[in-house]
Amino acid sequence: MFITVTGGSGSGKSAFAEQKIVEFGEGKRLYVATMMCYDEESRRRVERHRRMRSDKRFETLECYTDLAHADIPKDSVVLLECLSNLTANELFSPGGAGKATEEAIRCGLMHLKELARDVCVVTNEIFSDGMEYDPETRYYMEVLGNINRYLAEISDACYEVVYGIALRIK
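Please read all numbers here as calculations on a predicted model, not as lab measurements. Numbering of residues starts from 1 in each chain and follows the order in which that chain's sequence is written. With pLDDT at 70 or above as the cut-off, local features in this predicted model cover only qualifying residues; side-chain atom pairs require 80 or more to be listed or tallied, and sums for whole chains, interfaces and linings still use all residues. With hydrogens and water set aside, each side-chain value is computed from the structure's full complement of heavy atoms.

Undergrad: Honestly, the overall build of the protein in this entry has me stumped. Any pointers?
TA: Helix and strand definitions here come from DSSP, where helices need a minimum of 4 consecutive H or I residues and strands a minimum of 2 consecutive E residues; each element is numbered from the N-terminal end. Scanning the protein from terminus to terminus reveals five helices and seven strands. Each helix (α) and strand (β) of the protein, taken in turn from the N terminus, gives the series β-α-β-α-β-β-α-α-β-α-β-β. Note that the radius of gyration is over C-alpha atoms, with the globule rule given as 2.2 Å times the number of residues to the power 0.38. A compact globule built from 170 residues would reach a C-alpha radius of gyration of about 15 Å, and the protein, at 15 Å, matches this within 12%. Projected onto its principal axes, the C-alpha coordinates of the protein cover approximately 45 × 35 × 35 Å. Working definition: with a 1.4 Å probe on protein chains only, accessible area under 20% of the residue-type maximum means buried, over 50% means exposed, and in between means partly exposed. Residues classed as buried in the protein amount to 44% of the 170 residues present.

Undergrad: I would appreciate a short explanation of the pattern of salt bridges in the present structure.
TA: It is possible for side chains of opposite charge to pair when their charged atoms get near one another. The term salt bridge refers to a pairing of a side-chain nitrogen on Lys or Arg with a carboxyl oxygen on Asp or Glu at a separation within 4 Å. Per the counting criterion, the structure on display carries four salt bridges. Between R57 and E26 there is a salt bridge, with its nearest N and O atoms 3.1 Å apart. A residue pair is termed long-range when its members are at least 10 positions apart, and R57 in the loop between α2 (40–52) and β3 (58–62) and E26 in the loop between α1 (13–23) and β2 (29–33) qualify at 31 residues. The class for E26 is exposed, based on a relative accessible area of 57%. Linking D118 and R117 is a salt bridge whose minimum nitrogen-to-oxygen distance equals 2.8 Å. Using a relative accessible area of 34% as the deciding quantity, one classes R117 as partly exposed.

Note that every value here comes from positions in space, so none of it alone points to a role or purpose.
Written as structure tokens, this is what we have:
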């Protein structure tokens with residue numbers, strides 16, 4: 001099974017995605033972490049997520065770029081958290097894919113799909129605030145939007161989490 005979970009910040013999407021992984025049953029559970037810690041706020045967020053999944057038997061694999069070459073055990077159960085961070089890392093980090101970000105992430109998602117028994121990918125809903133952004137941010141949003149559409153296309157099921165309530169949209 002390949003599942004996409006999206007939602008806004010603080011929507012409950014991470015807790016929902018972790019529960020989906022638990023529902024997949026036994027097997028090696030791998031949490032693919034994509035968030036680079038730059039400041040105290042990001043370190044607190046990472047620590048909160050670690051506490052949330054502490055009793056769920058996840059092994060953590062930090063993967064900030066190049067998902068296509070991540071060491072994914074065959075038939076594992078994978079939670080990728082989150083595609084929005086991975087996209088930013090690929091676009092803007094030294095050693096990231098840069099202009100080839102969409103293709104790099106598509107290859108990485110297929111890598112997960114080919115090796116893992118079950119996959120749940122978390123991404124963010126960042127497109128509905130109606131704000132005007134600088135060109136670099138608009139480019140990031142365009143790339144993430146393209147990747148999210150591809151993700152939905154290859155997924156067996158897609159959920160949007162709003163106020164802690166998961167709505168199945170595919």
